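A closer look at the structure
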2 protein chains.
Amino acid sequence: MSSIVVMKFGGSSVADADRIKNVAGRVAAKRKQGHRVVVVVSAPGDMTDDLIAMAEKITDSPSGREMDMLLSTGEQVSIALLSMAINERGVAAVSLTGPQAGIFADQDHTRARITAIRPKKIFEQLKKGKVVIVAGFQGLNPNEDIATLGRGGSDLTAVALAAALKADVCEIYTDVKGVYTTDPRVEPEAQKIDRISYDEMLELAGAGAQVMQARSIEVGKKYGVDIHVRSTFSEDEGTLITAEVPRMEQIVVSGVAFDPKQAKITLSGVADRPGVAAKIFGPLADEGVNVDMIIQSAPTEGRNDISFTIGRVDVKKAMGVLDRVSTDLKAEEVVCDDKVAKVSIVGVGMKGHPGVAAKLFKSLAEAGINIDMISTSEIKIACVVREGDGPRAVRLVHKAFGLEKPRVKAKA
Amino acid sequence: MSSIVVMKFGGSSVADADRIKNVAGRVAAKRKQGHRVVVVVSAPGDMTDDLIAMAEKITDSPSGREMDMLLSTGEQVSIALLSMAINERGVAAVSLTGPQAGIFADQDHTRARITAIRPKKIFEQLKKGKVVIVAGFQGLNPNEDIATLGRGGSDLTAVALAAALKADVCEIYTDVKGVYTTDPRVEPEAQKIDRISYDEMLELAGAGAQVMQARSIEVGKKYGVDIHVRSTFSEDEGTLITAEVPRMEQIVVSGVAFDPKQAKITLSGVADRPGVAAKIFGPLADEGVNVDMIIQSAPTEGRNDISFTIGRVDVKKAMGVLDRVSTDLKAEEVVCDDKVAKVSIVGVGMKGHPGVAAKLFKSLAEAGINIDMISTSEIKIACVVREGDGPRAVRLVHKAFGLEKPRVKAKA
């Protein structure tokens, strides 16, 4: 049997007829190479946003079920049009909605998780020699209702399908050429990374690199799916996200991630007693606020300062929660600084090289950039800096670790 | 158990948020009266046309299956938004796609017929007290693909659902107030008809009245569904299409139908032998050309003239067919006159009143309007006239039968 390739195209790749035809050309070429091809697509261009805007004109609080009924039409439009465009090129194609493709999800509407994939119909159609176009972002839940998978849902569909179909590779087509050593808009000398491990990619995604959401990479890691992130508009190879990345010893730092829109919240003078952290972070989690770094100072006279960072979009929600709990905690003050950014370096083997952290801190110190918070993991060091210092810090660190030099090609 | 009412709203009734809210108000009011309510909706406004335009940019010959995958999204958008709007009013509602509602169709994509309705989910949701919103125009075919029902498909969904649910009435909401004695744009004194029989309505629909397509009325007749055609924008009663219409003896003519866009094709000097008609009308039917009136002259010297009328949209297709067959028929000439119109009077009991036809012909003759073709049925007399004479003929006939006078209210 020939190999199976899953190709995923985002909304901007299918935003209009010309782009859909371009995608059809790429898919047809892949099929003509002899692969069995499964394509996953998102809703065209701004359609999802337009549908949300329509719903907002009608109600402030749509039920999740009806929202999913509405939003799932976007991907359905894409699969039908793309299937037509591929057939028009003389390559047989057939479209399947998520439910038709055998994608099952849980009942958590608008952010459901995939629970199972039973790709019977996909295999039937592949057997007939057809390219199978599957609607991303959607599945069937136990009530036989359509459920959508939330942000990054189409990537997730693609990676999960690749796992279920035992595909050779899951190709994620985007408007960038791959994963870079840092954001090229901040550091023009950023280099495309040829190969990167799931773990490093997870840290990069968590630290602000926008290429793929963590949940898709996690599924890829769990099932060992090779994920190839590449450009819709170029034939060049992109970045392969895979299990093991053999590389020259000297490469320790893979990339510099940058999240310019962070906020830091400090509760000062909190009583130093058990359960305090739970009282803060429990309610925040309940409200869906994603807390990133947390730092607690050494207690002085039975009192503590607790600082943590969140995405700036969540500031209003978080402050609302803290208003409720701070009295109970007897906090002296709650201060929000929404003018901070996060710069992180990521690389496997970092822990074994004590010089890495020192080099990072030194390069920032020499440039007079103050580090507000630090957190480390096995393969990441993250620093919170002033928002205004962020881009400069990225460029300095990128240079300090020699990332602007063309990468030594790793052997597969 | 309380009565079941099916309410159907067309695309213009759900074209934007304000109109959807208006519909939601009507549905909520009906529910609050204690009825169990099932709503059928079409795609919003121009969405179906927009989707077709998108497909046309991609291919001239889309597969029916993919076209149905595309077009069925329109109704799905409507049901989701309407369900949200009804819930927003505090009345519980739930949307179902055609397949979810248990509507099954055959494999004739883009013009499928309903083969069965298994309304298990609808009854489950009605039992929970919910208003059930069903996507019109679509069903599931034996391949488990979405199939659309073609023109008038949402009306058909509504009437067929009303039959399957044994609903008390199927309300068809439109932008007109009901069925009129003739087209009010042609004759401002046209009167709304309170009640009309299925058979009369079928003749009116066939004779050019645009309110409802014949296929829905046929299903209504077959299953005895009372169909109430009424305005989306007014509380007034509309027209009830039902089995028997008790009425005062003097009312014989119910209405004057007008189809301004007809064409008449004449094949002259055709050999008068068996099988000629089949050779003409078989190939026309194969091409989907709907032939209306057919007139064959008495043979002279073994040769005949055959004339028939079709909708003007089909002229090109029909002439193509006739080009192929006329040589074989040894026809002397094929002439197409695409400047004719059809004026018909419809009424139960017409046959028993010989004066009716005479009055019709006399009123036209006195005005100098020439009748080109005549055809009659049990409850209809149709006349083909010059296109330019059409509107005047409608007004004359309408007046001749006293239809401009307010109707004597029939007793139910």
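About the cut-offs
Residues numbered from 1 in each chain as written. Chains lettered and ligands numbered in written order. Predicted model: local features only at pLDDT ≥ 70, side-chain atom pairs only at ≥ 80, totals over all residues. Core = buried A, V, L, I, M, F, W, Y, C linked by C-beta atoms within 7 Å. Buried ≥ 20, exposed ≤ 12 C-beta atoms within 10 Å, placed from the backbone. Contact = placed C-beta atoms within 7 Å. Helix = DSSP H or I, 4+ residues; strand = E, 2+ residues; numbered from the N terminus. pLDDT = per-residue confidence, 0-100. Pairing = 2+ DSSP bridges. Axes fitted to C-alpha atoms, helices over the stretch in contact; angles between N-to-C directions. Least-squares fit on C-alpha atoms with pLDDT ≥ 70 in both. Domains from an automatic or database assignment.

1. Here we look at the nonpolar core
- Formed by 253 residues in total, the largest nonpolar core has its most connected members in Val-39 and Leu-82 of chain A together with Val-39 and Leu-82 of chain B.
- Here Val-39 of chain A is in contact with Met-7, Phe-9, Val-27, Leu-82, Val-131, Ile-133 and Val-134 of chain A, once residues within four sequence places are set aside.

2. Let's talk about the environment of Leu-267 of chain A
Residues and elements named next belong to chain A.
- Tracing the backbone shows Leu-267 in strand β13 (residues 255-271).
- On the neighbour-count criterion, Leu-267 (22 C-beta atoms within 10 Å) is buried.
- The spatial distance from the C-alpha of Leu-267 to the C-alpha of Tyr-198 is 35 Å, given a sequence separation of 69 residues.
- Discounting chain neighbours no more than four positions away, the residues touching Leu-267 are Ile-280, Ile-306, Ser-326, Leu-329, Ala-331 and Val-334.

3. A look at the confidence of the model for chain A
- For chain A, the average pLDDT comes to 91, and 97% of its residues sit at 70 or higher.
- The complex prediction reports pTM at 0.85, with the ipTM value standing at 0.83.

4. With respect to the sheet that holds strand β6 (residues 131-135) of chain A
Residue and element names in this part refer to chain A.
- Spatially, eight strands are ordered β3-β6-β2-β1-β9-β11-β12-β10 in an open sheet, and the strand pairing comes out mixed. Both edges of this open sheet fall to β3 (93-96) and β10 (195-197), since each of them pairs with a single strand only. Ignoring which end each strand starts from, the neighbouring axes of this sheet average 20 degrees apart.
- When strand β2 (residues 36-41) meets β6, the two strands line up parallel, connected through four bridges. Bridge pairing in β6 links Val-41 to Ala-135.
- Against the sheet, helix α5 (residues 153-164) makes contact with β1 (4-9), β2, β6, β9 (169-174) and β11 (227-231), and its axis sits at roughly 180 degrees relative to β1, the strand it touches most.

5. Things to note about the relation of the copies chain A and chain B
- With an RMSD of 0.2 Å, the fit of chain A onto chain B corresponds to turning through 179 degrees and sliding 0.1 Å along the axis. In symmetry terms, the pair is related by a two-fold rotation axis. When each C-alpha of chain A is compared by its distance to the rotation axis, Thr-73 of chain A comes out closest, at 2.7 Å.
- Looking at chain A, 100% of its interface residues are interface residues in chain B too, so the copies touch through the same face.

6. What about the domain arrangement of chain A?
- When its domains are assigned, chain A resolves into domain 1 (4-175) and domain 2 (255-400).
- A separation of 37 Å is found between the C-alpha centroids of domain 1 of chain A and domain 2 of chain A.

7. Some points on the pairing of strand β11 (residues 227-231) of chain B
All names here are of chain B.
- In terms of burial, β11 is largely enclosed, as four of its five residues are buried.
- In terms of strand pairing, strand β9 (residues 169-174) meets β11 through five bridges, oriented parallel. Residue pairing across strands places Cys-170 opposite Ile-227, the latter belonging to β11.
- Across three bridges, the pairing between β11 and strand β12 (residues 239-242) is antiparallel. By the bridge assignment, Val-229 is partnered in β12 with Thr-239.

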